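The residues making up each chain are set out below.
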Protein chains: 2
Amino acid sequence: MERERKRGHDPESVLAVAVRVFNERGYDGTSMEDLARALGVTKSAIYYHVPGKEQLLARALDRALDGLTALVVDERAASGPAIERLERVVRQSVRILVERLPYVTLLLRVRGNSATEQRALERRREFDAFVSHLVKEAAAEGSIRPDLDPALVTRLLFGAVNSITEWYRPGRGGSPGELADALVAMTFGGLRV
Amino acid sequence: MERERKRGHDPESVLAVAVRVFNERGYDGTSMEDLARALGVTKSAIYYHVPGKEQLLARALDRALDGLTALVVDERAASGPAIERLERVVRQSVRILVERLPYVTLLLRVRGNSATEQRALERRREFDAFVSHLVKEAAAEGSIRPDLDPALVTRLLFGAVNSITEWYRPGRGGSPGELADALVAMTFGGLRV
DNA sequence: TTGTCAACTGACCGAATGTTCGGTAAACAC
DNA sequence: GTGTTTACCGAACATTCGGTCAGTTGACAA
């Protein structure tokens, strides 16, 4: 029998708590002692469930990146006007950001301090390159204001998208769908009446 | 006589190097040993010029916040349509971000881990409140699309502005003025043709 | 009743951390 | 030349770090 299994942690619950604390204090600002306190166990108990601090980070970053990679794979197979594909990518990005909020939040703060972080940055750059290319396509098709540099548009557009990790809290501020609607409305159409 | 003063460091040059390294590795991810290496001196030499690591952070954050505070003071005295004042605040924000890029970059990564960081977050919140109010005014005057929540507009708008610290490098990608022009064009008017 | 095993604890390790301290070489002041 | 100041070094400080390991506990199976 398996059900209920008493009380206790497993690799999944440890990861969830760890990512929450990493986001509160920053990865480097979080000690294993901090994690232990948040889990209600001693430091050594953590090592029963996971191999170490850096692997905790690696698993968290993979969760974020797997979502973004899946998006790219899906969308590479799509066709139609680039501007419409771009809008879909933005909407899907918002969805993934919200669904995997703590993991993506962590990813967006990574600086490349370790091999793990550098690997994550490389995977992230693939996503950036994909989006960047898509915006250029849309510009080449004449769907983006010609006075705006496509590279700049990409950065500002995803600056707005990524800022979601800085202020969005689930349950507040509407559903992910409404959020995506508003974001697309503002970035594509402008905030001015 | 004063001129040239041989070679060597002073509190100012230590701060400049420290902030650069803080931004590369993160504040918590940077050791005094790292700073010493970047300065070409030993750890102890740093303490001759500055009182410690946290004061280095405090001074850096003050540089960023003093700029933003000055902007608020200036703009509180301004009049005219809120939408025009908002556009001016955005342009000035871009200017300050670029002028004080390393300092503002550091500020935007602060999580509140120490008393120093919490004080900085409080000052930053004053700026956010000011901008938030301004967007609401503009909405009340009918200058912002009524289907967009003003609070959301504020966050996305400054999500785009603040993203500058993530990718802008001086000398590349045009002058600060052109950057502000493009940013205002896109956020106010939309990226679509 | 005994044995097994998952899930821990507590004591500990070596390394790294931020900071302090005693000393010192070179430049300057007189 | 003598004393003082400036800018630093090297060693040491207490503390904290990520991580290890032998042992304990309590639920459950036989």
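Along each chain, the written sequence defines residue order, and numbers are assigned to residues from 1. Chain letters and ligand numbers both follow the written order, the letters beginning at A and the numbers at 1. It should be noted that, the model being predicted, local features are given only for residues of pLDDT at least 70 and side-chain atom pairs only at 80 or more, the latter also being counted only at that level, while totals for whole chains, interfaces and linings use all residues. Hydrogens and water are ignored here; the side-chain numbers use all heavy atoms of the structure.

I tried to follow the environment of Glu 117 of chain B on my own but got confused; where do I start?
Residue and element names in this part refer to chain B. Within the element layout of this structure, Glu 117 appears in helix H7 (residues 115-140). Residues Glu 117 and Arg 25, spaced 92 residues apart in sequence, show a C-alpha to C-alpha distance of 17 Å. By definition in these notes, contact holds between two residues if any of their heavy atoms fall within 4.5 Å. With residues near it in sequence (within four places) discarded, Glu 117 still touches Tyr 27, Leu 57, Val 110, Arg 111 and Gly 112. The helix count covers DSSP runs of H or I at least four residues long, the strand count covers runs of E at least two residues long, and both are numbered beginning at the N terminus.

Just to check I follow, could you spell out the domain arrangement of chain A for this structure?
All names here are of chain A. Those domain boundaries reflect an automatic or database domain assignment. Taken domain by domain, chain A consists of domain 1 (11-49) and domain 2 (60-189). For domain 1 versus domain 2, the separation of C-alpha centres amounts to 28 Å. Taken together, the contacts link 7 residues of domain 1 with 8 residues of domain 2. Note on terms: buried area is the combined drop in 1.4 Å-probe accessible area of two parts once they are placed together, counting the loss on both. Counting the surface lost from both domain 1 and domain 2, the interface buries some 640 Å², and carbon and sulfur atoms represent 56% of this. Interface area lost by domain 1 to domain 2 is led by Leu 15, Val 19 and Asn 23, which between them contribute 60%. What makes a salt bridge here is a side-chain nitrogen of Lys or Arg within 4 Å of a carboxyl oxygen of Asp or Glu, nothing more. Where domain 1 packs against domain 2, one counts 1 salt bridge. Distance and chemistry together define a polar contact, namely a pair of N or O atoms within 3.5 Å, with one atom able to donate a hydrogen and the other to accept it when in protein, and with adjacent residues in sequence counting only for side-chain atoms on both sides. Connecting domain 1 to domain 2 are 4 residue pairs in polar contact (both at pLDDT 80 or more). Polar here means any residue outside two lists: the nonpolar Ala, Val, Leu, Ile, Met, Phe, Trp, Tyr, Cys and Pro, and the charged Asp, Glu, Lys and Arg; Gly therefore counts as polar. In terms of residue class, the side of domain 1 that touches domain 2 is built from 4 nonpolar, 1 polar and 2 charged.

What exactly am I supposed to notice about empty space enclosed by the protein here?
Gaps left between atoms show up when a probe the size of a water molecule is rolled over them. Definitions used throughout: a 1 Å grid over protein atoms alone; a cavity as a set of points that fits a 1.4 Å probe which cannot get out; a pocket as an open set with protein on both sides within 12 Å along at least five of seven lines; a lining residue as one with an atom within 4 Å of a point. Grid points are joined across faces, edges and corners, and a volume is the space filled by probe spheres set on the points. The tally for this structure, following the rule as stated, stands at 3 cavities of 30 Å³ or more. Considered as a void within the structure, the largest cavity measures approximately 430 Å³ in volume. For the largest cavity, the lining is made up of 27 residues, of which Gly 26, Tyr 27 and Arg 109 of chain A together with Gly 26 and Arg 109 of chain B are closest to its centre. Contributing elements (two or more residues each) for the lining of the largest cavity: helix H1 (11-25) of chain A together with helix H1 (11-25) of chain B. With 3 residues, the single largest contributor to the lining of the largest cavity is H1 of chain A. Estimated volume of the second largest cavity: approximately 100 Å³. The set of elements that each furnish at least two residues to the lining of the second largest cavity consists of helix H5 (82-99), helix H6 (101-107), H7 and helix H8 (150-162) of chain B. Counted by class, the lining of the second largest cavity contains 8 nonpolar, 2 polar and 2 charged residues.

Would you explain the pattern of salt bridges in this entry?
Pairing between side chains of opposite charge can happen when their charged atoms approach one another. Going through the model one piece at a time under the given rule, you end up with 28 salt bridges over all chains. Note that Arg 91 of chain A and Asp 181 of chain A form a salt bridge whose closest N and O atoms lie 2.5 Å from each other. In this pair, Arg 91 of chain A is assigned in helix H5 (residues 82-99) and Asp 181 of chain A in helix H10 (residues 176-189), connecting sequence segments 90 residues apart. To sort residues, take the accessible area from a 1.4 Å probe on protein chains only and compare it with the maximum for the residue type: under 20% means buried, over 50% means exposed, and anything in between is partly exposed. Among the residues examined, Arg 91 of chain A registers a relative accessible area of 27% and is labelled partly exposed. A salt bridge links Arg 145 of chain B to Asp 147 of chain B; its shortest N-O distance comes to 2.9 Å. Among the residues examined, Arg 145 of chain B registers a relative accessible area of 19% and is labelled buried. The structure contains a network of salt bridges with shared partners spanning Arg 25, Asp 34 and Arg 37 of chain A.

Honestly, the protein's contact with DNA strand C in this entry has me stumped. Any pointers?
Nearness of a residue to a molecule or strand requires only that one of the residue's heavy atoms be within 4 Å of it. Near DNA strand C you find 17 residues, and of these Thr 42, Ser 44 and Tyr 48 of chain A together with Met 32 and Tyr 47 of chain B are the closest. Within 4 Å of the protein, the contacting atoms of DNA strand C are drawn from sugar and phosphate to the extent of 53%. Within the backbone of Met 32 of chain B, one N or O atom sits 2.7 Å away from a phosphate oxygen of DNA strand C. A per-class count over the surface near DNA strand C returns 5 nonpolar, 9 polar and 3 charged.

What exactly am I supposed to notice about the interface of chain A and chain B here?
Much of the literature gives interface size as the accessible area that the parts lose upon coming together. The partner chain B presents 38 residues to the 38 residues of chain A that form the contact. For the pair chain A and chain B, the two sides together bury roughly 3,800 Å², of which 61% comes from carbon and sulfur. Contact with chain B buries area across many residues of chain A, yet Arg 111, Leu 156 and Leu 191 of chain A alone supply 19% of it, more than any other trio. Our count for the chain A to chain B interface comes out at 0 salt bridges. For the interface between chain A and chain B, the tally reads 16 residue pairs in polar contact (both at pLDDT 80 or more).

What should I look at first to understand the protein's contact with DNA strand D in this one?
Around DNA strand D, a shell composed of 16 residues is seen, among which Met 32 and Lys 43 of chain A together with Thr 42, Ser 44 and His 49 of chain B lie nearest. Looking at DNA strand D alone, sugar and phosphate atoms form 53% of those within 4 Å of the protein. Within the side chain of Lys 43 of chain A, an N or O atom sits 2.5 Å from a base oxygen of DNA strand D. Looking at the surface near DNA strand D, the elements that each hand over two or more residues are helix H3 (43-49) of chain A together with helix H3 (43-49) of chain B. The leading source of residues in the surface near DNA strand D is H3 of chain B, at 4 residues. Grouping the amino acids of the surface near DNA strand D by side-chain chemistry returns 5 nonpolar, 9 polar and 2 charged.

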